[in-house]
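Fold and geometry: a report
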Amino acid sequence: MGNIIRSVSPRVSLIASEHTWIEGNAIQQLETTAKLADMVQVAGMPDLHPGRGYPVGAAFFSQHRFYPALIGNDIGCGMSLWQTELSVAKQPLDKLEKRLGNIDGPIEDEVITDIPAEFQPYSYTLGTIGGGNHFSELLQVDEIYQPEHNIDNKRLMLLVHSGSRGLGQHILDEHIRVHGHHGLLENSDDASHYLQQHQHALDFAHFNRQLIAQRILSRLRTSGACLLDIHHNLLAQATIDGITGWLHRKGATPADEGLVVIPGSRGDYSYVVEPHPHASSLFSLAHGAGRKWMRSECKDRLSARFSVEQLARTRFGSRVICRDRQLIYQEAPEAYKPIDSVVGALQQAGLVTLVARMKPVLTYKTSGGQ
């Protein structure tokens, strides 16, 4: 692992190579979080960047108490990867985009499924992606490093990135209103209440990603098989270096649940990797490329160089459906770190082995109609 996993301070570690862009404010947020009561260790991933008070792209391990505010409002945010039956050959983008249409609104009768009763209050958001960095994307496998995993490079892949939508926001708002940013002591009634809500949001997020995938596959008149589904915003009990405590992941992919996908920006590669779990990374990995610029500065930085129409096309010849003029600048590839610098650091640290590389074909953010 060399100097790739390095100690920043007694309870703070950072996974980064000399080619990994890490903003100073993000490291400061890591160090501030490490000072919370009963915090044992925090680890920044190569996609680390500043968040609203807490860094994104990090894992936090505490004992005796946990911190819902560290998980944030999108409990269960994560990614699912599907292998579709769509052939890589002869898939005109105009045809794919027309068939996909607008998937911003409720699913209604489009996907035939029984919605569990406990999800009914938020059923209007099920099957929808949401804003920010959420997306769905068709990809082409252009490199296979481990054929034994049976990834078919002749079929398009479907990647879905979404979470618990309004449900997660409601849970966080309720917690902050009562407890602020203070942690909850384990085995307390408040802790039990939050954990029950947290599991509900994880289940909702998983179900939501399934519905989004089913919706897209149905629109594209095909079927698919789910290869993986993982959460990267969650709380879990864990034992690390002999200490039993609480592992918080805020934009950090589990390294102990099998294959995972680490996507780049919409104009960069994405990777399927095989994790090698290690306590030094708190059994976690990067969840994507990680932001390089704050959202508020993206349009000013890019509007003189790129039109909206130019940002809707990428260097791969792929297409980005994003009819929100502000969002398409915020989510431009230039606003993110190069994915190879992130995945490369994980490789050098001995934390992953590459399984396959994929490039985008068609990315859906929003059609501009809710």
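As a reminder, the structure under discussion sits directly above these lines.
The notes below deal with the structure included here. (Residues numbered from 1 in each chain as written. Predicted model: local features only at pLDDT ≥ 70, side-chain atom pairs only at ≥ 80, totals over all residues. Heavy atoms only, no water.)

**Some words on the overall build of the protein**
Within the protein, the secondary structure is distributed over 9 helices and 18 strands. Overall, the C-alpha framework of the protein stretches about 55 × 50 × 45 Å when taken along its three principal axes. Put simply, 77% of the contacts in the protein that link residues at least 6 apart link residues at least 24 apart. Of the accessible surface of the protein, which amounts to about 15500 Å², a share of 47% is contributed by carbon and sulfur atoms. (Helix = DSSP H or I, 4+ residues; strand = E, 2+ residues; numbered from the N terminus. Contact = heavy atoms within 4.5 Å. Areas by Shrake-Rupley, 256 points an atom, 1.4 Å probe, with all protein chains shown as cover.)

**Looking at the layout of surface pockets**
Computed from the structure, the largest pocket encloses a volume of approximately 1200 Å³. If you tally residues by element for the lining of the largest pocket, the top one is helix α4 (residues 165-179), at 4 residues. Tallied by class, the residues present in the lining of the largest pocket amount to 14 nonpolar, 20 polar and 10 charged. Taken as a whole, the second largest pocket holds about 230 Å³ of empty space. Forming the boundary of the second largest pocket are 15 residues, of which S265, G267, R315, P333 and E334 lie nearest the centre. (1 Å grid on protein atoms, 1.4 Å probe; cavity = no way out; pocket = protein on both sides within 12 Å on 5 of 7 lines; lining within 4 Å. Points joined across faces, edges and corners; volume = space filled by probe spheres on them. Nonpolar A, V, L, I, M, F, W, Y, C, P; charged D, E, K, R; others polar.)

**Regarding the environment of L185**
Within the element layout of this structure, L185 appears in strand β9 (residues 184-185). Put simply, L185 and V320 are 135 residues apart on the chain and 45 Å apart in space, counted from C-alpha to C-alpha. Here L185 is in contact with H64, R65 and A191, once residues within four sequence places are set aside.

**Focus on the sheet that holds strand β12 (residues 243-250)**
Pairing in this open sheet of 6 strands is mixed, and the strands run β1-β2-β3-β4-β12-β11 from one edge to the other. Two strands in the sheet have a free side with no partner beyond their single neighbour: β1 (5-9) and β11 (233-240). Here the average twist between neighbouring strands, direction ignored, is 25°. By the bridge criterion, 6 bridges tie strand β3 (residues 39-49) to strand β4 (residues 56-62) in an arrangement that is antiparallel. Residue V42 lies in a different strand from β4, and its bridge partner there is F60. In this fold helix α9 (residues 339-348) packs onto β2 (12-15) and β3, with an angle of close to 135° to the strand it touches most, β3. (Pairing = 2+ DSSP bridges. Axes fitted to C-alpha atoms, helices over the stretch in contact; angles between N-to-C directions.)

**Comments concerning the nonpolar core**
Counting 62 residues, the largest nonpolar core has I15, I339, L346, L351 and M358 as its most contacted members. Ignoring sequence-local partners within four residues, the contact set of I339 consists of I262, P263, G264, D268, Y269, Y271, G288 and A289. (Core = buried A, V, L, I, M, F, W, Y, C linked by side-chain atoms within 4.5 Å. Buried < 20%, exposed > 50% of the residue type's maximum accessible area, 1.4 Å probe, protein only.)

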